[in-house]
Amino acid sequence: QVQLVESGGGSVQAGGSLRLSCAASGYTYPINCMAWFRQAPGKERERVAIIYPDDGSTWYADSVKGRFAISQDSAKNTVYLHMNGLKPEDAAMYYCAAGRALNICYKGRADYWGQGTQVTVSS
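Residues numbered from 1 in each chain as written. Predicted model: local features only at pLDDT ≥ 70, side-chain atom pairs only at ≥ 80, totals over all residues. Heavy atoms only, no water.

Engineer: What exactly am I supposed to notice about the overall build of the protein here?
Structural biologist: When helices and strands are tallied, the protein shows 0 helices and 11 strands. The secondary structure elements of the protein, listed N-terminal to C-terminal, are β-β-β-β-β-β-β-β-β-β-β. The C-alpha atoms of the protein give a radius of gyration of 13 Å, which matches the 14 Å a tight globule of 123 residues would have. When its C-alpha atoms are laid out on the principal axes, the protein stretches across 45 × 30 × 25 Å. Put simply, 56% of the contacts in the protein that link residues at least 6 apart link residues at least 24 apart. (Helix = DSSP H or I, 4+ residues; strand = E, 2+ residues; numbered from the N terminus. Rg over C-alpha atoms; globule rule 2.2 N^0.38 Å. Contact = heavy atoms within 4.5 Å.)

Dropping the structure here:
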């Protein structure tokens, strides 16, 4: 079974930066999409960014385009979310997720989920 462990969350001032990490292990079958989701209290869970490990292509929510960047390491077993220009509305629990189907992450679903890492942004 795939295990995903997030790290790097914390509290920052508005305009600051954080880098989240997601370490994946234990996978036997191909993972064809990995994603970052977030959920703030009282709000729906939303897609933030997706990366397709096979070719490195990416997708971003409109709300984070130009500010966030998703990347993967050369072994394709660790995914990062570089967050710049953080805004108070970015505060949420951030979850790493992985999917076996190519399109499952884009649909807002996944097969495997991390435990979440909290991001707080103060003004």
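Further notes follow.
Engineer: Explanation requested: the state of the cysteines in the structure shown.
Structural biologist: Here, disulfide denotes a covalent bond that connects the sulfur atoms of two cysteines. The final tally for this structure, using the stated rule, is 2 disulfides. C22 shares a disulfide with C96; S-S distance 2.0 Å. The disulfide joining C22 to C96 has a torsion of about -75° about its S-S bond and is therefore left-handed. Here the residue C22 occupies a position in strand β3 (residues 18–25), and C96 occupies one in strand β9 (residues 92–99), the gap between them amounting to 74 residues. Judged on exposure class, the residue C22 and its partner C96 are both buried. Assigning the bonded cysteines of the protein consecutive numbers by sequence position, one obtains the connectivity 1-3, 2-4. (Disulfide = S-S within 2.5 Å. Buried < 20%, exposed > 50% of the residue type's maximum accessible area, 1.4 Å probe, protein only.)

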